[in-house]
Amino acid sequence: MSDVITLEVRDRLGIITIDRPEARNALNFAVLDGIEEALNQFRADPEVGVVIFTGAGEKAFAAGADITQLTNYTVVDGINARLQRLFDDVEAFPKPTIAAVNGFALGGGNELAMAADIRIASTTATFGLPETNLGVLPGAGGTQRLSRLIGKGRAIELILTGRFVDADEALRIGLVTQVVAPGELLSAAARTAETILKKGPLAVRLAKLVVGAGYETDQKTGILLERLAQALLYGTADKIEGTQAFIEKRPANFKGE
């Protein structure tokens, strides 16, 4: 694994930590390589049920792209859109993902957090898409994911002004779902992950897929996706176990089958 990414697996949680605190965990090429490698590793690891992203140190989750590298980007780099493609992979990751946001989540850091399924913030977290200050725009999914999360009006204001948002405002506008003290951030993310891990794994996977795909289409098509996913789940051993456990008033022992 890259020396700017650290991985940990514990209690079915795969934790990806961006480890460049001296550079506010800026997303240079080595970080991107490390995230991609980590996703591939955790995708194939049956011991990992939920993935958590966070940043080393207390100052930053990830303070955007590495500007020293950005200065050399060309039209071809824009078309290749490596960061955008990577965050698309984060969003499409088959297992649930949580961004545990400590400190600055700016530019690409904010876009990484938005690509995760769930965002939990420390009280010290600060969010922003300041790319227009550099003469560019949020190009790793920011223009699309932000508007879907908080609405078009708020999103366009934040993108055009480059204004930063603190944790309380992020919670109020729906950018995050929970705000906790800095020392409780990872444990709060772990508690959310543990709650998810107690559910039927096939149901969780299909629910994530249907919500994501259905949001990008019309309601009629989304309802059809929901119906087909539910029909599949009705034929699983997990459904039998889950309903029987409820009747017998005991915890379910899901097998993912």
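Residue positions are given per chain, counting from 1 as you read along its sequence in written order. Totals for whole chains, interfaces and linings use every residue, but because this is a predicted model, local features are given only for residues with pLDDT of at least 70 and side-chain atom pairs only at 80 or more, for both listing and counting. Hydrogens and waters are ignored; side-chain quantities use all the structure's heavy atoms.

Draft legend 1. Quick look at the overall build of the protein chain. A run of DSSP states H or I qualifies as a helix once it reaches four residues; a run of E qualifies as a strand once it reaches two. Both are numbered from the N-terminal end. The helix and strand tally for the protein chain stands at twelve helices and ten strands. Since a compact globule built from 257 residues should have a radius of gyration of about 18 Å, the 19 Å found for the protein chain is in line with a globular shape. Each residue's exposure class comes from its accessible area (1.4 Å probe, protein chains only) as a fraction of the maximum for that residue type: buried when under 20%, exposed when over 50%, partly exposed otherwise. Looking at the protein chain residue by residue over its 257 residues, the buried ones come to 44%. The contact definition used throughout considers only heavy atoms, calling two residues in contact when any of these lie within 4.5 Å. If you take every contact in the protein chain between residues at least 6 apart in sequence, the share linking residues at least 24 apart comes to 68%. For the protein chain, the accessible surface area stands at approximately 13400 Å², while carbon and sulfur atoms represent 56% of it. The sign given to each residue is positive for Lys and Arg and negative for Asp and Glu; His and the chain ends receive no count. A charge is said to be at NZ when it belongs to Lys, at CZ for Arg, at CG for Asp and at CD for Glu. Within the protein chain, the 32 negative side-chain charges are centred at a point lying 7 Å from the centre of the 27 positive side-chain charges. For a compact globule the rule gives 2.2 Å times the number of residues to the power 0.38, and the radius of gyration it is set against comes from C-alpha atoms. Surface exposure here means Shrake-Rupley accessible area, sampled with a 1.4 Å probe, where a residue is shielded only by the protein chains that are shown.

Draft legend 2. Molecular detail of the pattern of salt bridges. In what follows, salt bridge is the name for a side-chain nitrogen of Lys or Arg lying within 4 Å of a carboxyl oxygen of Asp or Glu. Summed over the entire model, instances satisfying the criterion amount to twelve salt bridges. The shortest N-O distance in the salt bridge between Arg172 and Glu169 comes to 3.8 Å. One end of the pair, Arg172, and the other, Glu169, are both in helix 8 (residues 167–173), three residues apart, so they sit about a helical turn from each other. Taking the relative accessible area as the measure of exposure, Glu169 reaches 17% and is therefore buried. The salt bridge involving Arg250 is made with Glu248; its shortest N-O contact spans 2.6 Å. Owing to a relative accessible area of 30%, Arg250 belongs among the partly exposed residues under this scheme. Residues joined by salt bridges that share partners form a network here, namely Glu157, Arg163, Glu169 and Arg172.

Draft legend 3. Broad picture of the packing of helix 1 (residues 29–44) against helix 4 (residues 82–92). Only the stretch in contact is used when fitting a helix axis, every axis being a line fitted to C-alpha atoms; angles between N-to-C directions are given from 0 to 180 degrees. One can describe the packing of helix 1 onto helix 4 by two numbers: an axis separation of 11 Å at closest approach and a directional angle of 25°. As far as their axial angle goes, helix 4 and helix 1 are roughly parallel. Regarding helix 1 and helix 4, the two cross each other, and that crossing is left-handed. The segment helix 1 lies against helix 4, with Phe29, Leu32, Asp33, Ile35, Glu36 and Leu39 engaging Arg82, Leu83, Leu86 and Val90. When residues are sorted by character, Ala, Val, Leu, Ile, Met, Phe, Trp, Tyr, Cys and Pro go into the nonpolar class, Asp, Glu, Lys and Arg into the charged class, and all the rest, Gly among them, into the polar class. Classifying every residue of the contact of helix 1 with helix 4 gives seven nonpolar, no polar and three charged. Should an angle fall under 35 degrees it is taken as roughly parallel, and over 145 as roughly antiparallel, whereas 65 to 115 is taken as roughly perpendicular and any remaining angle as oblique. Crossing handedness: left-handed means the near helix sits turned counterclockwise from the far one by under a right angle, and right-handed means the same turn made clockwise.

Draft legend 4. Here's a closer look at the packing of helix 6 (residues 142–150) against helix 7 (residues 152–161). Packing of helix 6 against helix 7 leaves a shortest axis separation of 7 Å and a crossing angle of 135°. By the angle between their directions, the pair helix 6 and helix 7 is classed as oblique. For the pair helix 6 and helix 7, the sense of crossing is right-handed. Judged by residue contacts, Gly142, Thr143, Leu146, Ser147 and Ile150 of helix 6 engage Lys152, Arg154, Ala155, Leu158 and Ile159 from helix 7. Across the contact of helix 6 with helix 7, the residue classes tally to five nonpolar, three polar and two charged.

Draft legend 5. Broad picture of the sheet that holds strand 4 (residues 60–63). Across the sheet, which stays open at both edges, the four strands sit in the order 4-6-8-9 with mixed pairing between neighbours. Strands at the two margins of the open sheet, each flanked by one partner only, are strand 4 and strand 9 (165–166). Two strands pair if DSSP finds at least two bridges between them. In this sheet, strand 9 lies alongside strand 8 (residues 126–128) in antiparallel orientation, the contact comprising two bridges. Bridge pairing in strand 9 links Phe127 to Val165. Its contacts with the sheet place helix 5 (residues 108–115) against strand 4, strand 6 (104–106) and strand 8, and it is angled at close to 90° to strand 6.

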